[in-house]
Amino acid sequence: MTRRRISIFGSTGSIGGNTVELLMHQGGAEAYDVVALTGASNIALLAEQARALRAGIAVTADPNRGAELAAALAGSGIASAAGQEALLEAAARPADWVMSAIVGSAGLAPGLCAARNGGMLALANKESLVCAGALLMDTCAAHGTTLLPVDSEHSAIFQALNGEDHGALERLLLTASGGPFRNKSRAEMAAMTPAQAVAHPNWDMGARISVDSATMFNKALEIIEAHVLFGVPPEKIEVVVHPQSIIHSMVGFADGSIMAQLGPADMRGAIGFALNHPARAALPVERLDFAALATLTFEAEDPVRFPALRLAREVLAAGGLSGAVLNAAKEAALDAFLAGRIGFLDMAALVEAALDSIGAEAASKRQGISLGDVMHYDRKAREFGNAWVAARRV
Ligand code: NDP
Ligand code: MG
């Protein structure tokens, strides 16, 4: 049997590292032909992963770290490269299965390259669906590429829809843990620090998505992601707060029946599902013990304490490229919050101001959207965000 060709974009991150671990668990370099691994700042880990999986090439997105990466790989026979062009060249290399796990809209261009390959594209990078959903979906369709959701909620919905009558779909129920500030008042949230926002109660994730969980911008992105992936109208997408994160999401059908997918709060479940699809391989994750779990609880969403949810619905109603504005303004806000330049509640305020300022113009862009159009609004929203932060501090 020929070995499957695999590439991982963002292999040094939380999702990427879990993917590498699963590949090693399932036979590593003996079982897979690893084409490319990419990272950015963590050169030592990238080199270690490339050696362990005997990758064809390791690429750092940081153009200044090429020599360091080459030195770390000396004697291994593994090629290395640095910078954005090298990243795109690696993404264009034929592969049967690609993991897109770069964080932020930086993942869009490599994801689009991989979408032209005609294999399977496992998509953790939800930002690319939020800022350029139609472009990515159309590119996959045009090249016969199968898009497999890796976000746990969307993997759950994908699994719950398997073999079902899609015409009878009545609603999607996205579960949300509620994050570390689920029970906090607005006044309490105002004082929260980056360290407090990063400490997620259930999931062990990268720092950026952990803060997005605290603001519920993560769920906001996921509402848009669900709309794009499953073609379900916004009014049929509900959010249910479920603090235990055991039910990963649900689908409701016309007969009132609900299909749910359950599992431990461990991203290796969704990554492993995508890696082995359409088979199900044994995964090294905990098994649920229902007697120990005892209670699963549910609460309504609160778009007043968490304006991110309201903003996502406004973006879905506006359409066009307004998602690119929401996403990039959110990234600029997150940078400023992590740097201690703005407070926790300022993040949603910044995004709302960006949408008020450039959202309508971006929403009017609907036809013939290119990567250049998306990056135009991405840049505009970041510039707006940076100016907003600067004005705030005067
Ligand atoms: P991390 O921050 O842990 O990892 C991000 C990866 O992207 C790293 O490999 C990093 O390299 C690389 N990277 C960072 N900036 C750039 C850039 N400008 N260009 C190219 N590469 C870059 O993120 P996560 O693994 O948490 O998240 C990855 C994606 O998966 C995100 O889109 C997130 O929303 C999504 N996701 C994550 C979940 C999770 O549990 N973590 C759950 C569901 C979705 P380096 O570290 O070497 O600098
Ligand atoms: Mg998720």
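See the structure above.
Residues numbered from 1 in each chain as written. Chains lettered and ligands numbered in written order. Predicted model: local features only at pLDDT ≥ 70, side-chain atom pairs only at ≥ 80, totals over all residues. Heavy atoms only, no water.

Draft legend 1. Inspection of the site of ligand 1 at higher detail. Of all residues adjacent to ligand 1, which total 24 residues, the nearest are T12, S14, I15, S41 and E127. Here an oxygen atom of ligand 1 and a side-chain polar atom of S41 are 2.6 Å apart. Taken by itself ligand 1 offers 900 Å² of open surface, and the protein chains cover 84% of this. Of the pockets mapped on this structure, ligand 1 occupies the largest pocket. When residues of the shell around ligand 1 are traced back to their parent elements, those giving at least two are α1 (14-25) and α7 (126-142). (Near = heavy atom within 4 Å. Polar contact = N/O pair within 3.5 Å; in protein donor to acceptor, adjacent residues only side chain to side chain. Areas by Shrake-Rupley, 256 points an atom, 1.4 Å probe, with all protein chains shown as cover. 1 Å grid on protein atoms, 1.4 Å probe; cavity = no way out; pocket = protein on both sides within 12 Å on 5 of 7 lines; lining within 4 Å. Sits in = over half its atoms within 2 Å of the grid points. Helix = DSSP H or I, 4+ residues; strand = E, 2+ residues; numbered from the N terminus.)

Draft legend 2. Representation of the coordination of the magnesium ion (ligand 2). At this site the magnesium ion (ligand 2) is bound by D151 (OD), E153 (OE) and E222 (OE), with donor distances of 2.1 to 2.2 Å. Along the chain, the residues donating to the magnesium ion (ligand 2) are arranged with the sequence spacing D-x1-E-x68-E. Separated by 71 residues along the polypeptide, D151 in the loop between β7 (146-149) and α8 (152-160) and E222 in helix α12 (residues 217-230) bring together distant segments of the chain. Assigned by exposure class, D151 and E222 land together as buried. (Donors = N, O, S within 2.8 Å, 3.2 Å for Na, K, Ca; no water. Buried < 20%, exposed > 50% of the residue type's maximum accessible area, 1.4 Å probe, protein only.)

Draft legend 3. Region of interest: the side chain of S245. Structurally, S245 is set in the loop between β9 (237-241) and β10 (247-253). Only 3.4 Å separates the side chain of S245 from the side chain of W203, close enough to count as a polar contact.

Draft legend 4. The pairing of β7, seen in detail. Two strands pair when backbone bridges link them, and strand β6 (residues 120-123) and β7 are joined in this way by four bridges, in the parallel orientation. Across the sheet, L121 pairs through a bridge with L147, a residue of β7. Running through α7, the crossover from β6 to the neighbouring parallel element β7 is right-handed. (Pairing = 2+ DSSP bridges. Right-handed = clockwise from strand over helix to strand, strands pointing away.)

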